[in-house]
Amino acid sequence: MTTFFAILFYAASAILAAGLAWKIRCFARTPAPLLIPTTPAPTTAGGVVLRMAREVVLFESLFKSNLWIWLFGWMFHAGLALVLFRHLRYFTEPVPDLVALAQPFGIYAGFAMAAGLAGLWARRFLVERIRYISTPSDHLMLALLLAIACSGLAMKFVFHTDVVAVKTFFLGLMLFDIQPLPADPLLYVHLSLVALLMIVFPISKLLHAPGIFFSPTRNQIDNPREARHLSPWAADLEAKRN
Ligand code: HEM
């Protein structure tokens, strides 16, 4: 099983890195021919950075449009961020002070993450309008994330695993020195689901994470009178015509 998981994680990391790089390249090369920032919008570059920061950290526009989705969505994402930050201890030696400091909060974050996901999933069954437009992949991503959170919490609170050995395995993996992984069924489940998440990430709706930074309605400056909006490919065309 150790060899299986070692190969699985090398493959999943390669697919995640290459897939993300490819998709981000596609996003960056997609033309934005029109100036379409959602108004009221910032009129300076600094303002756009602030707007984007508020959108990414606080989910500002979701807050204004739907409080329930905002509550569950923000709970899930903030919980996930803290959980992932807490997980850095498996990949660093010595563990940075800030990661050590976050450990106690990270546990509650696991519950916040699971509760947020449960709320978002319930909405897809209980709200008829949303149930109608929900696709199998919407359900699948929620189920996958919830299963990762539940298997993690079960390891933390019910069926403990040897976290020191888990760390030795992952530190070894990073140095191409394979160390034994504890033979623990729940750990196998947690890690298999995480690898699956890494593999499907580049072809899933979860791409909205890098995608938001390329969203013209959010990343454009509202300055049509001060500066003419001209994308590089349109400028090339114009230069050729003249
Ligand atoms: C290779 C990557 C990962 C490894 C090695 C790993 C390993 C572990 C281990 C050993 C635990 C039990 C902690 C304990 O007993 O103290 C745990 C808990 C948990 N894991 Fe993971 N995990 C990984 C990735 C993830 C990801 C990507 C997520 C979320 C999408 C996640 C979510 C959780 C949660 C919510 C818990 C319970 C709360 C906590 O202990 O922080 N894990 N994980």
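Residues numbered from 1 in each chain as written. Predicted model: local features only at pLDDT ≥ 70, side-chain atom pairs only at ≥ 80, totals over all residues. Heavy atoms only, no water.

### With respect to the pattern of salt bridges
Enumeration over the complete set of coordinates arrives at seven salt bridges. A salt bridge links R218 to E55; its shortest N-O distance comes to 3.2 Å. Taken together, the residues R218 in helix α11 (residues 216-219) and E55 in helix α2 (residues 45-58) connect sequence positions 163 residues apart. E55 matches R218 in its accessibility class, with the two residues each being buried. The salt bridge involving K64 is made with E60; its shortest N-O contact spans 4.0 Å. One end of the pair is K64 and the other is E60, both in helix α3 (residues 60-65) and four residues apart, which spans about a single turn. The class of K64 is exposed, set by a relative accessible area of 67%. Three or more residues joined by partner-sharing salt bridges are found here, namely R54, E60 and K64. (Salt bridge = Lys/Arg side-chain N within 4 Å of Asp/Glu carboxyl O. Helix = DSSP H or I, 4+ residues; strand = E, 2+ residues; numbered from the N terminus. Buried < 20%, exposed > 50% of the residue type's maximum accessible area, 1.4 Å probe, protein only.)

### Brief notes about the site of the ligand
Every one of the 24 residues lining the ligand counts as a neighbour, but R86, H87, Y90, F170 and H190 are closest to it. Within the side chain of H87, a nitrogen or oxygen atom sits 2.8 Å from a nitrogen atom of the ligand. Between the ligand and R89, the relevant distance is 3.4 Å, taken from an oxygen atom to a side-chain nitrogen or oxygen of the residue. Of all the secondary structure elements, the ones that give two or more residues to the shell around the ligand are α4 (67-87), α5 (97-126), α7 (136-157), α8 (163-174) and α9 (185-200). Looking at the shell around the ligand, the element that brings in the most residues is α7, giving six residues. Looking at the shell around the ligand, its residues break down into 16 nonpolar, five polar and three charged. (Near = heavy atom within 4 Å. Polar contact = N/O pair within 3.5 Å; in protein donor to acceptor, adjacent residues only side chain to side chain. Nonpolar A, V, L, I, M, F, W, Y, C, P; charged D, E, K, R; others polar.)

### Quick notes on the side chain of R86
Along the chain, R86 falls in helix α4. Apart from residues lying up to four places away in sequence, R86 is in contact with V99, Q103, G106, I107 and K156. (Contact = heavy atoms within 4.5 Å.)

### Here's the deal with the packing of aromatic side chains
Scanning the model with the defined rule gives 12 aromatic pairs in all. Pairing F5 with Y188 gives two aromatic rings, centres 5.2 Å apart and planes at 20°, and the pair type is stacked. Taken as a pair, F5 in helix α1 (residues 2-29) and Y188 in helix α9 lie far apart in primary sequence, 183 residues in all. The burial state of F5 is the same as that of Y188; both residues are buried. For the ring pair F91 and F170, a centre distance of 5.4 Å and an interplane angle of 65° mean the geometry is edge-to-face. (Phe/Tyr/Trp six-rings, centres within 6.5 Å; stacked < 30°, edge-to-face > 60°.)

### Focus on the coordination of the iron atom of the ligand
Only H87 (NE2) and H190 (NE2) from the protein reach the iron atom of the ligand as donors, at distances of 2.1 Å. Coordination geometry of the iron atom of the ligand: the six donor atoms subtend angles of 86 to 178° at the metal centre, consistent with an arrangement described as octahedral. Placement of the pair is H87 in helix α4 and H190 in helix α9, with a sequence separation of 103 residues. A residue is classified by how much of its surface remains accessible, and H87, at 29% relative accessible area, is partly exposed. Given the relative accessible area of 10%, H190 is considered buried. (Donors = N, O, S within 2.8 Å, 3.2 Å for Na, K, Ca; no water. Tetrahedral: all angles 85-135°; square planar, octahedral: opposite > 155°, others 65-115°.)

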